[in-house]
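Residues per chain are reported as follows:
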Amino acid sequence: MTQHHEKLAHYFLDGDEEKALTYIEDRLLNHPRLYLYEDIITPAMYYIGELWENNEISVADEHLATAICDFVLSKIDAEATYIRGDHQKSFKAILFGVEKEQHYIGLKMVADSFKEQGWRVRYLGPDLGMEHSLTQIHRYKPHVIGVSAALSYRLPTLKKLVQKFCSLEWKPLIMIGGRMARKFDLKEFESDQVIIIKDLNHLNKWFMDGRAGVVNETS
Amino acid sequence: MKQADRTLPLPFYKINKNFTVQAYSEEAMKLGKIPENLLEIIDDGSVEKVKKWVSSDIYKSVLEIHLKPLEEQADPITADMYVVWNNDLYAEVILMIKDEKLIQVTNRLSQLRSRLNETNFELLEEKEKLEEAIEQNNRLSAPFIELTKDTALVPLFGDLTSDKMQAVEDYLLKASQKEEIDQLLFDFTAVGEINREGIYMLVNLITSLFYMGIEIIITGVRPKQAKMLHELNLPLQVSFIHSLQQAIAKYCT
């Protein structure tokens, strides 16, 4: 039997957005979104990476799969009923991918996870220049700044960003995520103000028990 | 390592089993300094792939790989790698950098995506502004007006929704506690649609006010609204008066 994520990966690769969407919506009926993100969509995208390593698909196929995945995520995001109005928390988060970084699917799922928790979210997308991100951050004054990077070449930029963000006067919490957080040892970045988020489960755990710290800090 | 005798208009390398470069073509120099070992110019993410597919067990192979970015560039270069083994010891490798067009299409796509994202972002900002306006509007649709020392009037405006009731609840409770209010008139004259959750919230609010020792009078109820109120079993202590005029005449003289 083919596994869930492999099946989905093939819908992505075939460019079949309808089947991919139906497949995901069916799963959503009796599974939480976190399961879908962490145990189906993420493995599907990693599986696509493996197919490339096995010389079975090309970069162009990967681009197509990414676009379909993006579409599906946007669609389920638009259909989700998030916590609104008075129940919405006053916490704010800004999320973006460092300059030149083109990988963003993970970040998008992170944005949705924040929204699901009732946060106000500004998802700025991948490849955001430093000046631009700082302007937005100064205007929005978020409690959490999430930066994502996949490739090791982004390390110098990431370092600069984290330094800048650490000197912001209202002391936001800085989260580093993306494939880099999984593959490389980023311990040197970690501090009271900077945490490394390995995956969505990790983020969810932070929501469950780590958030109290933020509440105390900011309220 | 020497420059190959053969003149090929493409980056060409002759390597041994350990990927050590034995010879190269002139074009190969355009991909940066000629490496001692071919793996040096391969992007980290592609090294395993190359090791797997470039091996003397596979006589011929074609694979797509990423090369490390050239000095001034930020992104890895995508290329097709053609490999043929002459014998068990040496292989000939040709690298074909991907067509510019693919890169153009990729860039174009990502531009489109960021434009979409910006539009999305602007929409989100507008939506938040609108939500604030609605919230503001909600807060203003149940003003607390003191008529006399012990009587106040709360004219309700617009549709009775739970969002609206939520927005005014705190304010009304505080306002009625602060003053020496004994009677509170809720005027329904300007109320539009009523929904179930909204009226439910209103009942909660009225009950809370009642526990604070305030007499509640509801005025200006229309027939359709009366039906709904009836279904909801309001606390009995609430009195109803046909019009605001009558209520004022009764309580404010």
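Cut-offs used in this document
- Residues numbered from 1 in each chain as written.
- Chains lettered and ligands numbered in written order.
- Predicted model: local features only at pLDDT ≥ 70, side-chain atom pairs only at ≥ 80, totals over all residues.
- Heavy atoms only, no water.
- Phe/Tyr/Trp six-rings, centres within 6.5 Å; stacked < 30°, edge-to-face > 60°.
- Helix = DSSP H or I, 4+ residues; strand = E, 2+ residues; numbered from the N terminus.
- Buried < 20%, exposed > 50% of the residue type's maximum accessible area, 1.4 Å probe, protein only.
- Lys NZ or Arg CZ within 6 Å of the ring centre and 35° of its normal.
- Salt bridge = Lys/Arg side-chain N within 4 Å of Asp/Glu carboxyl O.

## A word on the packing of aromatic side chains
Reasoning step 1: A full pass over the atoms with the stated rule returns nine aromatic pairs over all chains.
Reasoning step 2: A centroid spacing of 5.8 Å and a plane angle of 65 degrees characterise the contact between A:Tyr11 and A:Tyr23, whose relative ring orientation is edge-to-face. Pair noted here: A:Tyr11 is in helix H1 (residues 4-14) and A:Tyr23 is in helix H2 (residues 17-30), with a separation of 12 residues, a long-range link. Comparing A:Tyr11 with A:Tyr23 shows no difference in burial state: the two are buried.
Reasoning step 3: Between B:Phe210 and B:Tyr211, the aromatic rings sit 5.9 Å apart at their centres with planes inclined by 50 degrees, giving tilted as the arrangement.
Reasoning step 4: By relative accessible area, B:Phe210 is classed as partly exposed at 30%.
Reasoning step 5: Among the aromatic residues, ring-to-ring pairing joins A:Phe91, A:Phe114, A:Trp119, A:Trp206 and A:Phe207 into one connected group.
Reasoning step 6: When the ring centre of B:Tyr90 is taken as origin, the NZ or CZ atom of B:Lys14, which lies over that ring, is 5.1 Å away.
Reasoning step 7: Looking at B:Lys49, its charged tip hangs above the ring of A:Trp52, at a distance of 3.5 Å from the centre.

## Focus on the pattern of salt bridges
Reasoning step 1: Throughout the structure, instances matching the rule amount to 17 salt bridges over all chains.
Reasoning step 2: Salt-bridge contacts for A:Arg33 lead to A:Glu116; the nearest nitrogen and oxygen are separated by 3.5 Å. Separated by 83 residues along the polypeptide, A:Arg33 in helix H3 (residues 33-53) and A:Glu116 in helix H5 (residues 105-116) bring together distant segments of the chain.
Reasoning step 3: A residue is classified by how much of its surface remains accessible, and A:Arg33, at 7% relative accessible area, is buried.
Reasoning step 4: Residue classification places A:Glu116 among the partly exposed residues on the basis of a relative accessible area of 35%.
Reasoning step 5: The partner of B:Glu64 in a salt bridge is B:Lys98, and the shortest N-O contact between them spans 2.6 Å. One end of the pair, B:Glu64, is in strand S4 (residues 60-67); the other, B:Lys98, is in the loop between strand S6 (90-97) and helix H2 (100-139), and 34 residues separate them in sequence.
Reasoning step 6: What makes B:Glu64 buried here is its relative accessible area of 4%.

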